[in-house]
Amino acid sequence: MTSQAPVIGLAPLLPAPLAASRWWAEPIRAERLAALRIGIGTTLLVDILWLYLPRAADFFGTGSLGSPEVFAGRLDVGWRWSLLAGIGEPTWLLAMLVLWAIAALGLMLGVYPRICAVIAWALAISVQNTNFYLHNSGDNVRQIALFYLMLSPCGAAWSLTAWWRGRQQPSKQPAFVHPWPVRLLTLQLVAIYFVNGLYKLSGGDWRSGEVMHDVLANVGWTRFAYADLPLIPGSVALMTWTTLVWELGFPLLMLMPKLRAPTLWLGVLFHLSTAILLPLGLFPIYMLCLYLPLVPWERFERCSRRIDSQAMS
Amino acid sequence: MLRPGKQLDASRLLARVKLWPARLLGTFIVWQLIFIPLANLLDFYPHRALRMDELTDLREVPPESVQVPVAVHALSAVTDRWAQLTGQQQMWWLFAPQFPPQATFAAVELRWPDREPVLLRSSLEPADTSSYFRPPGSGDRLFQYEMHLGLGLVFWNPATAEPEAVIWRKHFADLVRMQWKSMRAYLRWKTKRYLAANPNLLPPSEAILLMRIYRTPQPGEPLDEPRQPFSQAVARWRLADDLAAGQVPVEAVDPFSGEFVRILMDNPSRSEADHD
């Protein structure tokens, strides 16, 4: 970080051990957070336009699969809430979905990104609690990412707001942000994989290497028939054990600088495979969005500048 | 309140006040650092009592089995509420610890007193199990819904269930007691769609929720031949039904006799009455 580079957003007052840690205290390039914002905004927009809206009348409103009385009991428990509770009028619900899509678009482009993140987060929770059975853990990942985006200066880079600000007050310095949202999301990512790995380890079929066969041969859980898949002998057991070892080892592998990138590439491969093979909705893509702040975008910028200067000379 | 004789250092006070947002953010970060591992750790200890009001995807145990130490109860009350409030539910156990040995597809049979019944299969059920493609899209969301309806039957095998008939009868009744609202919504939705496509028809007298169940072949079994499912009735909704107080509006099936049974809402252990 250069000495005069602006750090955007509130600096948290952290307790001594965290404040002394560079990982927690040293500002990072704002592009890291911007990449998350763009990824989540784009995926959410696709989610709304492609996975909800085509069947909105089937999923929401009186007489639908998510008729207000069906999941009303969820809101009696703890602190669950929904802005759509009791609303059965399809026009209102459709208007909410449109508002949600606008918020996703605003998040993607970086137009009032934090306000858009608040709207997107509130409607994401509300929609999930209105028709819970439509959802899976990918939607929890979506909500968690939106929660951090609404609390952080996610529009500091790669946003129309930042571009407009840059026109008003031109600056050659790159923007920086405090690293806490990216660090907390990284820890969340580690928790997701490690906990998944522990539950898998307790299952006999995972240890015996047979689970991937059970998944891929299950006609309900696959996009393609097992017989149509170009699998070589032993690959199913290899996939099972690789998943198990990778998930359990994820925290440790992430601590090793040399193994970090291969570990994440394996994760990319894993999630792309599940997106192609299993009807999990956008779960794999939401998970991949959590990888975006881990990409060193600033290095690409340096490369691009170097290429530009070479071309100029 | 200021004590007499003490001078207020306005600038210091202002500086302290200005630190509050930073302190608050710091506290939030520390709390998140505690919350993420703690919420996940607590979920290894079954502490949530099963509520008979639709599935939650959380790890729940029957109320009589919940024997939670006070500390776990107190901590989980805090983490659960924070997760519910902020949408940070921690439930990370995809396909673990077990994966279902069967696939279930919801189907609806509509019955009239004066005409042949009609079977409405799920749009997600492949016509040929040996070769199919299920494109991504809104069908993935519908799949999640139908999967929740069939989740209680993924281990059901009528050929081996007889020795545990009492347990299975209770299981089938409890499924309806817990999921009758979503089952009725599904039956109503399918009926409405069918009647919209066939406007000359009168509404059926009853709609039956079935699961078409496909067993997953074991490793080594042939996979390139079409597989046949078996059908299992789960619940019946009589469209013009007069209910007594406390009765569930959808009837459960006795999986061994095939008869439908009227069940009561409140007490899961109460014996069934009013065999059809």
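The structure this text deals with has already been given above.
Here goes a summary of the coordinates provided. Since this is a predicted model, take the numbers as computed values, not measurements.

Re the sheet that holds strand 1 (residues 7-8) of chain A
For step 1, the next point in the chain: In space, the three strands of this open sheet follow the order 1-3-2 (chain A), with mixed pairing throughout. Two strands lie at the open edges of the sheet, namely strand 1 and strand 2 (28-29) of chain A, each paired on one side alone.

Description of the pairing of strand 3 (residues 102-111) of chain B
All names here are of chain B.
For step 1, the next point in the chain: Among the 10 residues that make up strand 3, eight are buried, leaving the element largely enclosed by the rest of the structure.
For step 2, the next point in the chain: One ladder, built from 10 bridges, connects strand 3 with strand 5 (residues 206-215); its direction is antiparallel. What sits directly across from Thr 104, in strand 5, is Ile 213.
For step 3, the next point in the chain: Relative to strand 4 (residues 118-121), strand 3 is paired through four bridges, and the arrangement is antiparallel. Residue pairing for strand 4: Leu 110 is matched across the bridge by Val 118.

Observations regarding the nonpolar core
For step 1, the next point in the chain: Counting 136 residues, the largest nonpolar core has A:Ala104, A:Ala120, A:Ala145, B:Val176 and B:Leu209 as the members making the most contacts within it.
For step 2, the next point in the chain: When residues of this core are assigned to their parent elements, the largest contribution, 11 residues, is made by helix 3 (residues 30-52) of chain A.
For step 3, the next point in the chain: Contacts of A:Ala145, omitting those with residues within four sequence positions, involve A:Leu36, A:Ile40, A:Leu185, A:Cys289 and A:Leu290.

Comments concerning the interface of chain B and chain A
A common way to express how large an interface is: the accessible area buried when the components associate.
For step 1, the next point in the chain: Taken together, the 66 residues of chain B in the interface contact 70 residues of chain A.
For step 2, the next point in the chain: Among the elements that take part in the side of chain B that touches chain A, helix 1 (residues 10-42) of chain B stands out by supplying 12 residues, more than any other.
For step 3, the next point in the chain: Along the lines of polarity and charge, the residues of the side of chain B that touches chain A split into 34 nonpolar, 19 polar and 13 charged.

Definitions and limits used
Residues numbered from 1 in each chain as written. Chains lettered and ligands numbered in written order. Predicted model: local features only at pLDDT ≥ 70, side-chain atom pairs only at ≥ 80, totals over all residues. Pairing = 2+ DSSP bridges. Helix = DSSP H or I, 4+ residues; strand = E, 2+ residues; numbered from the N terminus. Buried ≥ 20, exposed ≤ 12 C-beta atoms within 10 Å, placed from the backbone. Core = buried A, V, L, I, M, F, W, Y, C linked by C-beta atoms within 7 Å. Contact = placed C-beta atoms within 7 Å. Nonpolar A, V, L, I, M, F, W, Y, C, P; charged D, E, K, R; others polar.

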